[in-house]
Structure formats: C-alpha cells, structure tokens
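Each chain, written out:
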Amino acid sequence: MRALAHIIVEQQDGHSAAWFSGTPQFACGGQWPADAIRRLLDGFGGAGFDGEEIIAIEDATRDGHLEFLIPHLNRWRIPVASVN
C-alpha cells in the first residue's frame, strides 16, 4: 500500500492556504488551491510526491474547505494486522 500525505486547503477572500494535516504551522498560500498545494509540495521537496495522482476527499469538502490525499513517491506503508 502506498504512503499518502493528507493536505488541507482553506479558501477565504480569494486566497487559498494549504498545509499537511500533521504540520498546520507550515502553510503555503496562493490565489487558487492548486497554487497553494504546488508551493507546499515544493517546500517539502516536490519531487517526493506524485502530483499526477492527487485525490480529493469529497466527504470532507465543504464551502471554503478542501482535503486531498497525495501519494509519496518511492514510499510504501507496511500494512499492520488487525487485532479485531
């Protein structure tokens, strides 16, 4: 299973801010959500992410709030057996 990064984007007054869910203190902005996400990925080494496979989390999307998952390149998550 591929490792995924969780990105949150907030839009307000014609400006978008994007951050990784685990590091809200480091946000990048832009006029459009795509601009903010690109700047965020570039700040964390954009070559480490697969920008072609970004996935919108539609259930978490509401007015002015967007969430995305983006795969890490060359990183995999080792599945853990369930204890249920």
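Description of the structure in this document.

So, how was this worked out
Residues numbered from 1 in each chain as written. Predicted model: local features only at pLDDT ≥ 70, side-chain atom pairs only at ≥ 80, totals over all residues. Heavy atoms only, no water. Helix = DSSP H or I, 4+ residues; strand = E, 2+ residues; numbered from the N terminus. Buried < 20%, exposed > 50% of the residue type's maximum accessible area, 1.4 Å probe, protein only. Contact = heavy atoms within 4.5 Å. Areas by Shrake-Rupley, 256 points an atom, 1.4 Å probe, with all protein chains shown as cover. Arc of directions from axis to C-beta. Polar contact = N/O pair within 3.5 Å; in protein donor to acceptor, adjacent residues only side chain to side chain. Pairing = 2+ DSSP bridges. Salt bridge = Lys/Arg side-chain N within 4 Å of Asp/Glu carboxyl O. Core = buried A, V, L, I, M, F, W, Y, C linked by side-chain atoms within 4.5 Å.

A count of helical and extended segments in the protein gives one helix and five strands. Ordered by position in the sequence, the α and β elements of the protein form the string β-β-β-α-β-β. The buried share of the protein, taken over its 84 residues, is 33%. In the protein, 43% of the contacts between residues at least 6 apart in sequence involve partners at least 24 apart. Accessible surface for the protein amounts to roughly 5,700 Å². Of this, 54% is attributable to carbon and sulfur atoms.

Below, the discussion takes up helix α1 (residues 33–43). Regarding α1, the residues found buried are P33, A36, I37, L40 and L41. Along the long axis of α1, the arc covered by the buried residues comes to 130 degrees, so they all point the same way. Exposed residues on α1 whose side chains face more than 90 degrees from its buried face are A34 and G43. With its phi angle positive at about 80 degrees, G45 sits one or two positions after the end of α1.

In this section: the environment of H65. Mapping H65 onto the fold places it in strand β5 (residues 65–76). Separated by 49 residues in sequence, H65 and S16 place their C-alpha atoms 9.5 Å apart. Once you skip the residues sitting within four places of it in the chain, H65 turns out to touch I8, V9, E10 and A60. Engagement of the side chain of H65 in a polar contact is seen with the side chain of E67, the distance being 2.7 Å.

This part takes up the pairing of strand β1 (residues 2–12). Both faces of the sheet carry side chains from a regular strand, because those side chains alternate between them. Pairing analysis gives six bridges linking β1 to strand β2 (residues 15–20), with the strands arranged antiparallel. Directly across from E10, in β2, lies its bridge partner A17. In sequence, β1 turns back onto β2 through a hairpin of two residues, with D13 there showing a positive phi of about 55 degrees.

In this structure the tally under the stated criterion is one salt bridge. Between R38 and D42 there is a salt bridge, with the nearest N and O atoms lying 3.9 Å from each other. Remark: D42 and R38 occur in helix α1; sequence separation between them is four residues, near one turn of the helix. Accessibility expressed as a relative area gives 41% for R38, which makes it partly exposed.

The biggest cluster of nonpolar side chains holds 14 residues, and the ones touching the most others in it are I7, V9, A18, F20, I37 and L41. A total of four residues in this core trace back to one element, the largest contributor, which is α1. In contact with I7, not counting residues within four places along its chain, are A18, W19, F20, I37, L40, L41, L66, E67, F68 and I70.

With that out of the way, let us pick up unusual backbone geometry. Both trends apply: most residues other than glycine have a negative phi, and most peptide bonds are in trans. Backbone geometry at D13 places phi at a positive 55 degrees, although glycine is not the residue there. Within the secondary structure, D13 sits in the loop between β1 and β2.

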